[in-house]
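Secondary and tertiary structure notes
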Amino acid sequence: MSDTDQTKIDKSGSFTLGGKVVRRLGYGAMQLAGPGVFGPPKDRDAAIAVLRHAIEAGVNHIDTSDFYGPHVTNQLIREALAPYPDDLLIVTKVGARRGADASWLQASSAEELRQAVHDNLRNLGLDVLDVVNMRLWGDHGHAPAEGPVERELTVLAELQQRGLIRHIGLSNATARQVEEGRRVCEIVCVQNHYNLVHRADDALIDDLAAKGIAYVPFFPLGGFSPIQSGLLSDVASRLGATPMQVALAWLLNRAPNILPIPGTSSVRHLQENLAAADLVLPADALEALDKLGKDA
């Protein structure tokens, strides 16, 4: 790890998640699997290189799941990084599985959750998982939907008591579900869809920040359809940055508990993403970007 890389990512700041102090700019491993997050990567060596470069650059928060691939990303993480650095936090999630046709299917019965935890442990090569997010099943894709969470979290809390999980979080959750979940067990993070143009969770983020709970935005750059905006491009051009760097810098500026996890299968794109930690957004840029969110 070069001093330059370390200095850049250090500028993203830090936050305590799962009992570890992590740099706020992390890495999401979803894109390491094949097309549609299914099957092996086109270039396994390139995937390994991205993971190793992320660690060398100072990333110590990796987000994954055994249903990515399935099994693919966890096996890549193990091959690339085990034995793991002491300061590395690996966050995984359960609650879904993949069909033979690459479909995404709900998997939230007690037996499915227990099996998923053991699958994650085996494929990551771990005896205990740092953080497990319960991925809730919304009505419309990545939109949360109200519904009880006590049953699923009770299963995870039992596995926590057995020493297989250290900490528990929620993914694709509403504010009400977060509060219900906190009555079952400690919730250390919430992972929801949020970015520069998708800001439905503004109030939830502020509430979690006041409670010291991490908020991890998935699709921080728009996901499968990257954020496209003339205004964003204009701001980026003025600052000598890429639009995606500006979008990440905006997230880091938005609240101290936001921990972006941009994913990529390219070392070059990884370097570009991590450089966002070094980008300072002036007041006029923030004002312009705030209008973009209101118009979205």
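How each quantity is defined
Residues numbered from 1 in each chain as written. Predicted model: local features only at pLDDT ≥ 70, side-chain atom pairs only at ≥ 80, totals over all residues. Heavy atoms only, no water. Phe/Tyr/Trp six-rings, centres within 6.5 Å; stacked < 30°, edge-to-face > 60°. Helix = DSSP H or I, 4+ residues; strand = E, 2+ residues; numbered from the N terminus. Buried < 20%, exposed > 50% of the residue type's maximum accessible area, 1.4 Å probe, protein only. Lys NZ or Arg CZ within 6 Å of the ring centre and 35° of its normal. UniProt positions renumbered as here; feature names shortened; annotations may be inferred. Axes fitted to C-alpha atoms, helices over the stretch in contact; angles between N-to-C directions. Left-handed = near helix turned anticlockwise from the far one by under 90°. Contact = heavy atoms within 4.5 Å. Nonpolar A, V, L, I, M, F, W, Y, C, P; charged D, E, K, R; others polar. Expected span 1.5 Å × (residues − 1). Polar contact = N/O pair within 3.5 Å; in protein donor to acceptor, adjacent residues only side chain to side chain. Pairing = 2+ DSSP bridges.

1. Describing the packing of aromatic side chains
According to the stated counting rule, one finds five aromatic pairs in the structure shown. A centroid spacing of 6.0 Å and a plane angle of 85 degrees characterise the contact between Phe-67 and Trp-104, whose relative ring orientation is edge-to-face. You can see Phe-67 sitting in the loop between strand E4 (61-63) and helix H3 (72-81) and its partner Trp-104 sitting in strand E7 (residues 104-106), a full 37 residues away along the chain. Between Tyr-194 and Tyr-215, the aromatic rings sit 5.8 Å apart at their centres with planes inclined by 85 degrees, giving edge-to-face as the arrangement. Residue Tyr-194 is found in the loop between strand E10 (187-193) and helix H7 (202-211), and its partner Tyr-215 is found in strand E11 (residues 214-218); the two are separated by 21 residues along the sequence. Here Tyr-194 falls in the buried class, since its relative accessible area comes to 0%. On the basis of relative accessible area, Tyr-215 is assigned to the buried category, the value being 0%. A connected cluster of aromatic rings, assembled from ring pairs, spans Phe-67, Tyr-68 and Trp-104. Of note, Arg-98 hangs over the ring of Trp-104, and the distance from its end group to the ring centre comes to 3.7 Å.

2. Quick notes on the side chain of Asp-119
Inspection of the secondary structure puts Asp-119 in helix H4 (residues 110-124). Judged by relative accessible area, which is 14%, Asp-119 ranks as buried.

3. Some thoughts on the UniProt feature "domain: NADP-dependent oxidoreductase" (unreviewed entry) in the protein
As annotated in UniProt, the feature "domain: NADP-dependent oxidoreductase" (unreviewed entry) corresponds to residues 24-223 and 232-292 in the numbering used here. Strand forms 0% of residues 232-292 and helix 62%; the C-alpha atoms that close the span are 8 Å apart.

4. Quick word on the packing of helix H2 (residues 44-56) against H3
Contact pair H2 / H3: the axes reach a minimum separation of 9 Å and the direction vectors enclose 60 degrees. When the axes of H2 and H3 are compared, the crossing they make is right-handed. On the side of H2, the interface is formed by Arg-44, Ala-47, Ile-48, Leu-51, Arg-52 and Ile-55, while H3 contributes Leu-76, Ile-77, Glu-79, Ala-80 and Leu-81. Taken together, the residues that form the contact of H2 with H3 break down as eight nonpolar, no polar and three charged.

5. What about H2?
For H2, spanning 13 residues, the distance from its first C-alpha to its last is 19 Å, which sits close to the expected 18 Å at 1.5 Å a residue. Burial in H2 covers these residues: Ala-47, Ile-48, Val-50, Leu-51, His-53, Ala-54 and Ile-55. For H2, the capping residue at the N-terminal end is Asp-43, with a side-chain oxygen 3.2 Å from the backbone nitrogen of Asp-45. Just downstream of H2 lies Gly-58, where phi reads positive at about 110 degrees.

6. Considerations on the sheet that holds E4
Here we have seven strands laid out as an open sheet, ordered E3-E4-E5-E8-E9-E10-E11, and parallel in their pairing. At either end of the open sheet lies a strand with only one pairing partner, and these are strand E3 (27-28) and E11. As defined by bridge partners, strand E8 (residues 129-135) adjoins strand E9 (residues 165-171) across six bridges and the pair is classed as parallel. Of the residues in E9, the one forming a bridge with Val-132 is Ile-168. Here H7 sits on the sheet and contacts E10 and E11; the angle it forms with E11, its principal contact strand, is near 150 degrees.

7. Let's talk about H4
For H4, built from 15 residues, the straight-helix expectation of 21 Å at 1.5 Å per residue is met to within 8% by its first-to-last C-alpha distance of 21 Å. Looking only at H4, the buried set comprises Leu-113, Ala-116, Val-117, Asp-119, Asn-120, Leu-121, Asn-123 and Leu-124. Residues of H4 that are buried sit in contact with H3, strand E5 (89-94), E8, helix H5 (150-161) and E9. A positive backbone phi angle near 70 degrees is found at Gly-125, which sits one or two residues after H4.

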